Amino acid sequence: MTPSPHRTNPRPQGTNAHPLRFGYGTNGLADLRLDDALALLADLGYDGVGLTLDHMHLDPLAPDVAARTRKVARRLDTLGLGVTVETGARYVLDPRRKHGPSLLDPDPADRARRVDLLIRAVRIAADLGAHAVHCFSGVLPADPTHLADPAHLADPAAPAHPAATADPAEDSAWKRLAETLTPVLDAATHAGVPLAVEPEPGHLLATLADFHHLRRILGDPPALGLTLDIGHCQCLEPLSPADCVRAAAPWLRHVQIEDMRRGHHEHLPFGDGEIDFPPVLEALAATGYQALTVVELPRHSHAGPHFAAQSLPFLHRAARAIPAGAEGSTP
């Protein structure tokens, strides 16, 4: 992509120039038209965008989605913005159920709707030249007893999950997740776009340990990668956020970033939580990660342009604190 003529706040250069590339999520700019949101991010100096497929921006279910995608691709190219495709829209499939249906839904037809959405996302990502497609598992059904049918029990020969319980419903949920993701991974492999699964607090796949459990069940497919949310690391992982980055490095395909407090899953603007960001960015730079690190403030759309304008200078200041020579070293 060519450099954007719109950039007024380019990446700072100097002795501590870093390889990190910062983006902002459109789920935090939901009150803006997509074209206005992209122009804003380019003007602010962002390197890219985390594009959530949703009805108000790029609707994956629109009959003319292919034409719309080509238009967005041209706009991204003109503005010099990279892109990662995200699939966490709240009501894109069901106007009554937040994030529903999921990959774990009891109804096979509903699970198929989520699979179709993810395969559409893979195709859109390929057409946009995106770095990855993000997704998450979903929560266990409110009544998971249907999962305990012997026909759905997990393979007893599968490697043990570090946090596994004797709950047959949960074991079956893992098998169901692997089965529903398989056609998506096939599409991702064919398209050459990694699928980056996000550990999400409260979901079946909530932690890095859970990601590795899924990876082993699936046989470690090359197309399966990881979305690491730095705030989620602060919220519930036993390791520090910087240590999470180092531990996740071989599978890292997408990074989301915001502030957060221990034990509270609330995405906060930078400085309102507990995270020490320079060590996190130093660890990220040291891994050689080259895709986008995307600010994730979905509940701040009411003041999205304000927080987008505040976030990038904060990240640049934190990145300037990376010791010279840290980037490119091994974790």
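Residues numbered from 1 in each chain as written. Predicted model: local features only at pLDDT ≥ 70, side-chain atom pairs only at ≥ 80, totals over all residues. Heavy atoms only, no water.

**Remarks on the nonpolar core**
Y24, L128, L177, L181, L228, I230 and L281 are the most contacted members of the largest nonpolar core, which has 89 residues in total. It is helix 4 (residues 168-191) that provides the largest number of residues to this core, a total of nine residues. With residues up to four places along the chain from it excluded, the contact list for L228 reads L208, C233, C244, V245, A248, L252, H254, V255 and Q256. (Core = buried A, V, L, I, M, F, W, Y, C linked by side-chain atoms within 4.5 Å. Buried < 20%, exposed > 50% of the residue type's maximum accessible area, 1.4 Å probe, protein only. Helix = DSSP H or I, 4+ residues; strand = E, 2+ residues; numbered from the N terminus. Contact = heavy atoms within 4.5 Å.)

**Some details on the packing of aromatic side chains**
Any aromatic ring pair is given by two values, namely how distant the centres are and how the planes are angled relative to each other. Across all of its chains, the model carries four aromatic pairs by this definition. Measuring from ring centre to ring centre gives 5.8 Å for Y24 and Y46, while their planes differ by 70°; the resulting arrangement is edge-to-face. Note that Y24 is positioned in strand 1 (residues 21-25) and Y46 in the loop between helix 1 (34-44) and strand 2 (48-52), a separation of 22 residues in sequence. For the pair Y24 and Y46, a shared accessibility class is recorded, and that class is buried. Taking the centre distance of 5.1 Å and the plane angle of 90° together, the rings of F270 and F277 count as edge-to-face. For the pair shown, F270 and F277 are each scored as buried. Taken together, the ring pairs in this structure connect F270, F277 and F314 into an aromatic cluster. (Phe/Tyr/Trp six-rings, centres within 6.5 Å; stacked < 30°, edge-to-face > 60°.)

**Structural notes on the side chain of D94**
Relative to the helices and strands, D94 resides in the loop between strand 3 (82-86) and helix 3 (108-128). One polar contact links the side chain of D94 to the main-chain amide nitrogen of R96, over a distance of 2.8 Å. Within polar-contact distance, the side chain of D94 engages the side chain of R97 at 3.0 Å. (Polar contact = N/O pair within 3.5 Å; in protein donor to acceptor, adjacent residues only side chain to side chain.)

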